Amino acid sequence: MQNFHNALEHAGLPFKSGYWHSEREDLQKILAWNQKKLEQDFRLGDAEHVSHDYQQMLFSSDDFSEVRGFWLNRYPVREEFTFVIIIPESELFSGEFFFGNVCIPEKMQIVREIACKLWESVPVLTIQTEPEIADETASYQEILSGQKLPNAYPFAIVSEQIAQNSDFVQFQKIRIGRNGILLEYQEDKTAYET
C-alpha cells in the first residue's frame, strides 16, 4: 500500500486528506486500514455500513478542483483490486457526450501523464479510463482472455502481450515503459503502430 501511494505521489497526486468517512484520518492510518482490507480480500456486504469499506483519499492538484481515490474489490475474481481515481468530468470534457472530439486536450494530457507514470512505477495490470456512465471496468482476466476490451475512453494502458489482441483495431497504439502500450481510442476504427 505504501509503495502504491509513493507511486501516486511521484505521478503528481500527493495526499491531501482523507475523504468521506475517513476525512479525519491521516495518511498512515488510511494506508494501514486499506492494507488490512486488501490482505483480507475484503468486500463490503450488502447489509454492511460503508464505514467498514476501504477508506477514500483526496489528492492535491493544481490542475483539477478535486481528485479522489479509493479501492474496490474485483469480487468474484480473487485477489484482484481496482484503484479508482475520480476527477470531475466537466473538467476533462467540453461537451455533454463523451464520444467524439470533446476531450479538453491539455487536461487529458495531464491525466495521461499521471497514468503513464503510475504504469512505469508499480506493477499494475491495466489502467483504464471511462466516464461515470460507462460499463463496468473489465477485469484483467476478461481482457487477457479476450472476453472484453479494456475501458479506453479516451485511453487505456495494457501490456504488450494484451495489446497484440486483434480486437484492438479501434485504438492507436503507443509504446511506453515497462512493456506497456498506451491505447488511445480512435473514432475511425483505424489502428496505428509506433
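First, a word on what this report is: a plain description of the structure on this page. (Residues numbered from 1 in each chain as written. Predicted model: local features only at pLDDT ≥ 70, side-chain atom pairs only at ≥ 80, totals over all residues. Heavy atoms only, no water.)

At their nearest, the axes of helix 1 (residues 2-10) and helix 3 (residues 105-121) sit 9 Å apart, and the two run at 145 degrees to each other. For the pair helix 1 and helix 3, the crossing hand works out as right-handed. Residues A7, L8 and H10 of helix 1 touch helix 3, and the partners they reach there are K117, L118 and S121. Per-class residue counts for the contact of helix 1 with helix 3 are three nonpolar, two polar and one charged. (Axes fitted to C-alpha atoms, helices over the stretch in contact; angles between N-to-C directions. Helix = DSSP H or I, 4+ residues; strand = E, 2+ residues; numbered from the N terminus. Left-handed = near helix turned anticlockwise from the far one by under 90°. Contact = heavy atoms within 4.5 Å. Nonpolar A, V, L, I, M, F, W, Y, C, P; charged D, E, K, R; others polar.)

Going through the model one piece at a time under the given rule, you end up with eight aromatic pairs. Ring plane angle 55 degrees and centroid distance 5.1 Å describe the contact between F4 and W71, whose orientation is recorded as tilted. A residue pair is termed long-range when its members are at least 10 positions apart, and F4 in helix 1 and W71 in strand 3 (residues 67-73) qualify at 67 residues. As far as burial versus exposure is concerned, F4 and W71 are alike and both buried. Judged by centre distance (4.8 Å) and plane angle (65 degrees), the ring pair of Y153 and Y185 falls under edge-to-face. With Y153 in the loop between helix 4 (140-144) and strand 6 (155-159) and Y185 in strand 8 (residues 180-185), this pair connects stretches of sequence that are 32 residues apart. A relative accessible area of 23% means that Y153 is categorised as partly exposed. The rings of F4, F59, W71 and F83 are connected pair by pair, giving a single aromatic cluster. Taking NZ or CZ as reference, K107 lies 5.0 Å from the ring centre of F64, over its face. (Phe/Tyr/Trp six-rings, centres within 6.5 Å; stacked < 30°, edge-to-face > 60°. Buried < 20%, exposed > 50% of the residue type's maximum accessible area, 1.4 Å probe, protein only. Lys NZ or Arg CZ within 6 Å of the ring centre and 35° of its normal.)

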